[in-house]
Amino acid sequence: MEWNLETLSLLSIPLISAIVGWLTNYLAVKMMFYPIEFVGVKPIFGWQGLIPAKRRQMAEIEVELVLGKLLSVEELAQRLDADELTKAIERRLSQVIRKVVNDVMSESAPQLWAALPVQGKNLVYQRIENDIPNVVHKMVDDFQHNVSEILDIKELVVEQLVNAPELVNEIFLTAGSKEFPFIVRSGFYFGFLFGLPTMLLWYFYQAWWILPLGGLLVGYATNWIAIKIIFEPKRPVKLGPITVQGMFLKRQKEVSEVYSTIIEQKLITPKNITHIILHGSGSAQLLELIELHVNDAIERYVAIAQPYFALGVGSENYHKMKALAVRQIFDNSDKYLLYAFDYANNALQVGHDLSERMQALSVEEFEGVLRPAYQQDEWKLIVTGAILGMVAGIAQLYLVFM
């Protein structure tokens, strides 16, 4: 009976090492993503998931290494067809324009506008609505030629990822849906293997420090190996009948498709693009573009009604009227641009093209898609695994062998 207890205690060493390896790898994966916000006392006593903590750096890397090289805003803008865009927004834009005309005229020339019969007002509306395709066409053309000043792709990506850390997690967890579970499982297998030499050493030499040291090495090694085999070797290596390559790199085609789908559906969407051009750093340039074409259109409309219109409005109110019209069309732009989202999504084809171009990247470039954002902090996960392994080794020493 005594021999059996000793044997079972001895055999528990690789089994507990396997559990330690599994647990440290499980915690390592969780610590990469959670908690989303810092928990503890800044800056030292606490933790924030490595990915959420590095989301700004990751966003900048995404722009520089992936989106900036593979998809340019100029290329995306050229895919918009002015005629198709006009068809998508024309009905809602006409409604907005009617309200803008009514509001602007009621404020700038209330007596003139009130005295104009309904038929006259309808003629004004009709004249402007007939000109909408022409104005939109010119604006789209100017937008395409000045898109880099109006739409900052880096600002779009950084703002979205910084404000939505859960989206950063989703990108990594979905793209690495097979790698991260493997990291957890591999901790058990490698932990058991590393526990065998610890068991043999303990059998011949029962020094108190062997189990804590063994736990430390198991926690360190299982985390280190798990991270390494995800990305290394970069290129396929033949080991007899087996071909070995980093798991993430081996799935380049599949990961590219998954990654690109998330980018298209959650990040570079028509809605997000519209938001950034209306409220981002390029909104002033967009306002100037709208002002240019709206003023040009008003000049053409007014030329038909001169001199009656000029006498009724006056030069000062005329300039106020133009400024008010520009501001109202800009402020109401999200009301009619949202009708272009479906068309723009089909026209831009962000996901399809990004996937194809990511699949064509070299393995070194492809590795740069996800790893660099947290690579410099990988040591934290490894050290944490080592510390937890050592604690488990101390616990095993006292609970099993004391």
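Residues numbered from 1 in each chain as written. Predicted model: local features only at pLDDT ≥ 70, side-chain atom pairs only at ≥ 80, totals over all residues. Heavy atoms only, no water.

Applied cut-off: UniProt positions are given in the numbering used here, feature names are shortened, and annotations may be inferred rather than shown by experiment.
An unreviewed UniProt entry lists the protein chain under the name DUF445 domain-containing protein, from Alteromonas gracilis. Turning to the protein chain, the UniProt annotation filed under Sequence similarities (unreviewed entry) states: "Belongs to the UPF0754 family." Per its UniProt entry, the protein chain bears the Subcellular location (unreviewed entry) comment "Endomembrane system".

1. Quick look at the environment of aspartate 353
What counts, and what does not: Secondary structure elements follow DSSP: runs of H or I no shorter than four residues count as helices, runs of E no shorter than two count as strands, and numbering proceeds from the N terminus. Whether a residue is buried, partly exposed or exposed follows from its accessible area with a 1.4 Å probe, protein chains only, as a fraction of its type maximum: under 20%, in between, or over 50%, in that order. We call two N or O atoms a polar contact when they sit within 3.5 Å, provided that within protein one can donate a hydrogen and the other can accept it, with sequence-adjacent residues counted only if both atoms are side-chain atoms.
Along the chain, aspartate 353 turns up in helix H21 (residues 350-359). For aspartate 353, a relative accessible area of 14% translates into the label buried. Along the primary structure aspartate 353 and leucine 70 are separated by 283 residues, whereas in three dimensions their C-alpha atoms are 8.5 Å apart. At 2.5 Å, the side chain of aspartate 353 and the side chain of arginine 79 are in polar contact.

2. A closer look at empty space enclosed by the protein
Where we set the bar: Think of a 1 Å grid over the protein atoms and nothing else: a 1.4 Å probe that fits but is trapped marks a cavity, an open set flanked by protein within 12 Å on at least five of seven lines marks a pocket, and residues with an atom within 4 Å of a point count as lining. Grid points are joined across faces, edges and corners, and a volume is the space filled by probe spheres set on the points. For this scheme, ten residues count as nonpolar: Ala, Val, Leu, Ile, Met, Phe, Trp, Tyr, Cys and Pro. Four count as charged, namely Asp, Glu, Lys and Arg, and the remainder, Gly too, count as polar.
A complete count under the given rule lists 4 cavities of 30 Å³ or more for this structure. Lining the second largest cavity are 13 residues; nearest its centre among them are Ser17, Leu211, Gly214, Gly215 and Gln396. Listing elements by their share of the lining of the second largest cavity, those giving two or more residues are helix H1 (2-33), helix H12 (210-231) and helix H24 (378-400). A per-class count over the lining of the second largest cavity returns 6 nonpolar, 7 polar and no charged.

3. Description of the pattern of salt bridges
Cut-off, in case you're wondering: Take a side-chain nitrogen of Lys or Arg and a carboxyl oxygen of Asp or Glu: if they are within 4 Å of each other, that pair is a salt bridge.
This model, assessed by the stated rule, comprises 16 salt bridges. Residue glutamate 75 is joined to arginine 79 by a salt bridge in which the shortest nitrogen-to-oxygen separation is 2.6 Å. Ionic pairing is found between aspartate 103 and lysine 99, a salt bridge with its closest N-O pair at 2.8 Å. Of this pair, aspartate 103 and lysine 99 both sit in helix H5 (residues 82-108), separated by 4 residues, roughly a single helical turn. With relative accessibility at 24%, the residue aspartate 103 sits in the partly exposed group. Put simply, Glu75, Arg79, Asp353 and Arg357 are held in one network by salt bridges that share partners.

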